[in-house]
Amino acid sequence: MEDEVDRLVAAWRRERPDLDVEPLEVLSRVSRLARHLDRARRLAFAEHSLEPWEFDVLTSLRRAGRPYQLSPGQLLTQTLVTSGTMTNRIDRLAHKRLVERLPDPSDRRGVLVRLTPEGRDRADEALAGLLAQERAILGELSERQRVELASLLRQLTAPFDNVPG
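Residues numbered from 1 in each chain as written. Predicted model: local features only at pLDDT ≥ 70, side-chain atom pairs only at ≥ 80, totals over all residues. Heavy atoms only, no water.

By the naming in an unreviewed UniProt entry, the protein chain is MarR family transcriptional regulator, taken from Actinacidiphila polyblastidii.

Right under this line is the structure:
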């Protein structure tokens, strides 16, 4: 079965035979898949009136376990945004009553961000929708192939996830 990447690679091999374009065979497919995943994510979240960034913050809190709260700094670490961006996001989610700010009992100047019951429900529903979309994308692969692919992708992503700072 031929795909668009096969045609792209063949064209580059024809036009630039002096270059080894083999990395395109893997990474162009990863890039194209990422675009398809982004569309699937947006669709799953839109069905629950959430933006992707809202889902990221809500599910970070949800994964924290009861009482579903984190400091803004912990949210920064998990979502990889700046503190100004996170402050804006928390404000917007609080306005929608999906999160609430609470005083941090261990730091008089600090706050904790807690998921509201509505925020938890929306995160759970959107996650279920996302998983259905992702299962459909992976539907052509056997369980063994999915495990193997996850392992191979982990080898490529782990060095980026384990960089200090």
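K.L.:
Even after reading the chapter, I still don't get the overall build of the protein chain, so can you show me in this structure?
P.N.:
Counting its regular elements, the protein chain contains seven helices and three strands. Scanning the protein chain from its N terminus toward the C terminus, one meets helices and strands in the order α-α-α-β-α-α-β-β-α-α. Its C-alpha atoms put the protein chain at 65 × 35 × 30 Å along the principal axes. Residue pairs in contact within the protein chain that sit at least 24 positions apart in sequence constitute 45% of those at least 6 positions apart. Element-wise, carbon and sulfur atoms account for 54% of the exposed surface of the protein chain, whose accessible area totals about 11,600 Å². Here the protein chain carries 27 positive and 27 negative side-chain charges, and the mean point of each set is 5 Å from the other. (Helix = DSSP H or I, 4+ residues; strand = E, 2+ residues; numbered from the N terminus. Contact = heavy atoms within 4.5 Å. Areas by Shrake-Rupley, 256 points an atom, 1.4 Å probe, with all protein chains shown as cover. Lys, Arg positive; Asp, Glu negative; His and termini not counted. Charge placed at Lys NZ, Arg CZ, Asp CG, Glu CD.)

K.L.:
Quick question: what am I supposed to make of the UniProt feature "domain: HTH marR-type" (unreviewed entry) in the protein chain here?
P.N.:
The positions that UniProt labels "domain: HTH marR-type" (unreviewed entry) are, in the present scheme, residues 23-158. This span, residues 23-158, is 69% helix and 12% strand, and a straight line between its end C-alpha atoms measures 18 Å. (UniProt positions renumbered as here; feature names shortened; annotations may be inferred.)

K.L.:
I keep staring at the pattern of salt bridges and nothing clicks. Help me out?
P.N.:
Pairing between side chains becomes possible if they bear opposite charge and their charged atoms approach one another. Counted according to the given criterion, the structure contains 14 salt bridges. Note that R13 and E25 form a salt bridge whose closest N and O atoms lie 2.9 Å from each other. One end of the pair, R13, is in helix α1 (residues 4-15); the other, E25, is in helix α2 (residues 22-46), with 12 residues separating them in the sequence. A relative accessible area of 26% places E25 in the partly exposed class. If you follow the salt bridges from partner to partner, you end up with E2, E4 and R7 in one network. (Salt bridge = Lys/Arg side-chain N within 4 Å of Asp/Glu carboxyl O. Buried < 20%, exposed > 50% of the residue type's maximum accessible area, 1.4 Å probe, protein only.)

K.L.:
Looking at this structure, I do not really get the nonpolar core. What am I missing?
P.N.:
Considering soluble globular proteins, one finds that nonpolar side chains tend to be buried as a cluster. Formed by 21 residues in total, the largest nonpolar core has its most connected members in F45, L58, L61, L75, L93 and V99. Elements supplying a minimum of two residues to this core: α2, α3 (52-63), α5 (83-95), β3 (107-115) and α6 (117-137). Here the element with the most residues in this core is α3; it accounts for five residues. Residues within four places of V99 in sequence aside, it is in contact with L58, L61, I90, L93, A94, V113, R114, L115 and T116. (Core = buried A, V, L, I, M, F, W, Y, C linked by side-chain atoms within 4.5 Å.)

K.L.:
Help me out: how do you make sense of the sheet that holds strand β1 (residues 69-70) in this one?
P.N.:
In a beta sheet, neighbouring strands are held together by backbone hydrogen bonds and run either parallel or antiparallel to one another. Spatial strand order, β1-β3-β2: three strands in an open sheet with antiparallel pairing. Across the chains shown, the open sheet's two edge strands, defined by having one partner strand only, are β1 and β2 (99-104). Where β2 and β3 come together, six bridges link them in antiparallel fashion. Along β3, the bridge assignment pairs D104 with D107. α3 rests against β1, β2 and β3 of the sheet, and its axis sits at about 100° to β3. (Pairing = 2+ DSSP bridges. Axes fitted to C-alpha atoms, helices over the stretch in contact; angles between N-to-C directions.)

K.L.:
Please clarify how the packing of aromatic side chains should be interpreted in this entry.
P.N.:
What describes a pair of aromatic rings is the distance from one ring centre to the other and the angle between the planes of the rings. The final tally for this structure, using the stated rule, is one aromatic pair. Measuring from centroid to centroid gives 4.1 Å for F45 and F55, while their planes differ by 20°, and the two rings are stacked. Placement of the pair is F45 in helix α2 and F55 in helix α3, with a sequence separation of 10 residues. On the basis of relative accessibility, which here comes to 5%, the residue F55 falls in the buried class. (Phe/Tyr/Trp six-rings, centres within 6.5 Å; stacked < 30°, edge-to-face > 60°.)

K.L.:
Please explain the side chain of S28 as it appears in this structure.
P.N.:
Following the sequence through the fold, S28 ends up in helix α2. The residues contacting S28, other than those within four sequence positions of it, are V5, L8 and P23.

K.L.:
Would you explain the pairing of β3 in this entry?
P.N.:
Taken residue by residue, a regular strand's side chains alternate between the two faces of the sheet. Two elements, β1 and β3, share two bridges in a ladder whose sense is antiparallel. In the sheet register, L70 faces β3, and the bridge partner there is V113. Following β2, the chain reverses through two residues before pairing antiparallel with β3.

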